[in-house]
Amino acid sequence: MKCFTICLLAATTFAGTAAMAQGELNYTVADVIKYPRTIYAGEVAGVATNAQGHIFVYQRAGTPWVALAAARIFSRGNDQLLEFDQNGTFVREIGKGNYANTMATSVRVDRQNNVWAVDRTAGMVIKYAPNGTLAMLLGRKPEAINVTIPGGGRGAAPPADSEGGGGRGAAPGLGVTPAGAAAAGRGAAAAPLAAGRGGRGGPPGTGNQADNFTGPSDVAFDAQGNIFVADGWGANNRVAKFTPDGVFIKSFGRTGSDNESLNSPRSLAVDAVGNVYVADYGNNRVQVLDNNLTYLRSVSGVGAPSAICVSPGATQYLYVSNSNPMDNLDTAGEIYKLQLNGSVVGRFGRAGKAPREFASVNQIDCRQANTVYTAEAGAWRVQKVTLK
Amino acid sequence: MKKSLAPAILAALLATIAPGLSQQRATINDTQTVAQLPYQAVPGFFKLPRDEFLGEVQGMASNSKGQLFLFVRAPQTRLLQFDANGNFVKEIGKGFYGFLYAHSVRVDRHDNIWTVDEGTNIVAKFDPTGSKVLMVIGVRPPVSDGIVAGGPSTGPDENYILCRPSDVAFDMQDNVFISDGYCNNRVVKYDRNGRFVAKNGQRAVGTGVNQYNLPHGIQVDKAGNVYVADRGNGRHVVLDNNLVWKTAYTQYGSAWSNCISTAPGKQYLFMTNSNPNGNPPGSWAITGQIYKAELDGTVIGKFGQAGKLAPNFQVVHMFDCRNPDVIFTGEIESWRAQKFTLRTTAAPAGAR
């Protein structure tokens, strides 16, 4: 056959390019974040960019503390929300010393360049204005953490919160568990803390049509400024919608696997027409809802999504990270690029800590064309991925 | 001058002192046959700023330029750099998420600085200036797990999760070897990018082959052999580069930690027979010195003794021996670090 030599040559050339399987996208990475002298890389949970290309890195840092010599057990973290410019040069820290600081989870920037921080253990979503001042809060941090009797079972009911009840569903926050239970829980959704105290919150697992979160994982916005919160690290397993002023509108989802359910929604994004895409990690799919949180369809074949992003522009794309778990670097780790209708354009990467590999991606940003920023909790870093 | 004791009396003494000590092989007969190495302390070598204290000096390592790194519980865990004259240079990693309870610091052949922290369960790699975190191995227990009653997890050991790791070492291919440690009783090998390669040991404590009881220190020679200070068993285990068991040296006492010199030429294996925490009665008679040996375990000599005041040792935890004639010790119960110089020729046995 005439093309034998040429075809063979093309085949060997194709095989020679690094691991190019069908559907693999070409990409390069850059290590752009330049920490200042006094700040070190921590366990990076969140990354986001703003309209000027500044990069926000949200990391677990320092040491979380629990107080002794106290009437109850109080705790706090020392996470850092850091802003870098488009060249990766450090600009400032945002929200230093804020009361919610417990476990950095994700960060997003809205159309007005407000910076939103999500803390799943404090159960809060915090909105900072572009100048770093506090603009709004959703949720309330538990006053104290409970103690369980070692060996199982729950201890005496903890003292009531100082601020009283009203609207608290199953509260988020820190559990105190026997060693065995903690081992089983690692990597899975953290166990919720106190049982519901009544009020407007429902029993755990029924979606909790109310303000309070059991483990917020991510936040997103539509063109009108409505706020969508994925509430996925606790029992709620829902997506909640709020007005731009933070008034609760409604929820979608409850624990389960059918169309109306979610299981550990870990991330979410909104497209130009207001549809909502939810990384339904525990159900190995992306749930697609309309702007009223009515179920539209599911997207499968993207592994167990831990982080998703919808890119802006005339043609929008959906990026989905099938992140490897923190305890296993030898599985998963690829990121998918899809059209909004769910058809896969391609995929790139695999789990690992070397450059061009991805280690437990907790969040991705895709604001800039053909560019994805990864917040890698497994490697304590951000990589800037440029798709070729 | 120390009284020399017959091995039988030594064994009886060991059995009565403390359970930990009695687990050691009763073959410490060094007072009779092991040469004393002449040595000299350099008094007051490490100079801290006024009003600052060293805490427990858990880790001690030098780099190729003679800079020294101390990993201390001070009370915040701090990584401190000193220059070749013992002057304080700077602190590295203040506020770092990987620091909580210092255990060891080592420097690889590229002068990267590696810390082992048994509070965060993190082994971290810093660039030679200590400005940039290059890699982490292990996972810090997450905040969302809350307070774990009873201490660290007792689940099955995993490839990428360390539990109170103790030490780290490297071979000439930049593979990473971690002694893991207080819970998992194993040794784990990773490649240069932190990918799991192999492990040796089992979670349960054991005294036989492929078993450990608190692997507390680890070193690798230029050929790639791995040496593990198996502290609870009072022995130094030798593995090949694939973590296959080769042998164990059992005549070196409490086996807290080890150091292999990396100066050009022949390598030596140093092993500390550290006096134990709490100084049980009689323990100083059979512990306190550091041994020097060939890589194959043939003894060359020993130096030092237990004591609360310098230049004696108070629970040597880790020590540096890059240059086999210069030893830097990190000590727990004295909150101090010391510098010693050894003469290369040994004095006759029995001389003090």
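Everything numeric in this text was worked out from a predicted model, so none of it was measured.

A. The overall build of chain A, seen in detail. Scanning chain A from terminus to terminus reveals two helices and 27 strands. Expressed as a percentage of its 388 residues, the buried residues of chain A come to 48%. For chain A, the share of sequence-separated contacts (at least 6 apart) that also reach a separation of at least 24 residues comes to 51%.

B. Summary view of the environment of A:L134. Residue and element names in this part refer to chain A. As for its placement among the helices and strands, L134 is situated in strand 11 (residues 134-138). Under the C-beta neighbour-count criterion, L134 is labelled exposed, with 12 such atoms within 10 Å. In this structure the C-alpha to C-alpha distance between L134 and Q59, which are 75 residues apart in sequence, comes to 19 Å.

C. How the structure looks around the environment of B:L48. Here B:L48 lies in the loop between strand 1 (39-42) and strand 2 (56-62). Apart from residues no more than four positions distant in its own chain, B:L48 is found in contact with B:L54 and B:F88.

D. The sheet that holds strand 21 (residues 307-310) of chain A, seen in detail. Residue and element names in this part refer to chain A. An order of 21-22-23-24 is seen for the four strands of this open sheet, with the pairing classed as antiparallel. Sheet topology places strand 21 and strand 24 (344-348) at the edges, where each strand pairs with a single neighbour. Strand-to-strand twist in this sheet, taken as the mean axis angle between neighbours without regard to direction, amounts to 15°. Relative to strand 24, strand 23 (residues 335-339) runs antiparallel, the two sharing four bridges. Paired with K337 across the two strands is G346, which belongs to strand 24.

E. Focus on the pairing of strand 7 (residues 113-117) of chain B. All names here are of chain B. For strand 7, the buried fraction is high: five of the five residues fall into the buried class. Residues I113, T115 and D117 point to one face of strand 7 and W114 and V116 to the other, with burial holding for every one of them. Bridge count between strand 6 (residues 102-107) and strand 7: five bridges; the pairing is antiparallel. Bridge pairing links V105 to T115 in strand 7. Connecting strand 6 to the next strand, strand 7, in antiparallel fashion are five residues, including D111 with a positive phi near 70°. Of the pairings in the sheet, the one linking strand 7 to strand 8 (residues 122-126) comprises five bridges and is antiparallel in character. In the strand pairing of strand 8, V116 is matched with V123. Two successive antiparallel strands, strand 7 and strand 8, enclose a turn made up of four residues, where N121 displays a positive phi of approximately 60°.

So, how was this worked out
Here the residue index of a chain counts from 1 through its sequence in written order. Chain letters and ligand numbers both follow the written order, the letters beginning at A and the numbers at 1. Only residues with pLDDT of 70 or above have their local features reported here, since the model is predicted, and side-chain atom pairs are shown and tallied only from 80 upward, although totals for entire chains, interfaces and linings are computed over all residues. Secondary structure elements follow DSSP: runs of H or I no shorter than four residues count as helices, runs of E no shorter than two count as strands, and numbering proceeds from the N terminus. Three exposure classes are used. Buried residues have 20 or more other C-beta atoms within 10 Å of their own C-beta, exposed residues have 12 or fewer, and partly exposed residues fall in between, all C-beta atoms being placed from the backbone. C-beta atoms are placed from the backbone for every residue, and two residues are taken to be in contact when these atoms lie within 7 Å. Two strands qualify as a pair provided that DSSP identifies no fewer than 2 bridges between them. Whenever a helix is involved, its axis is fitted only over the stretch in contact; in every case the axis is a line through C-alpha atoms, and angles between N-to-C directions fall within 0 to 180 degrees.

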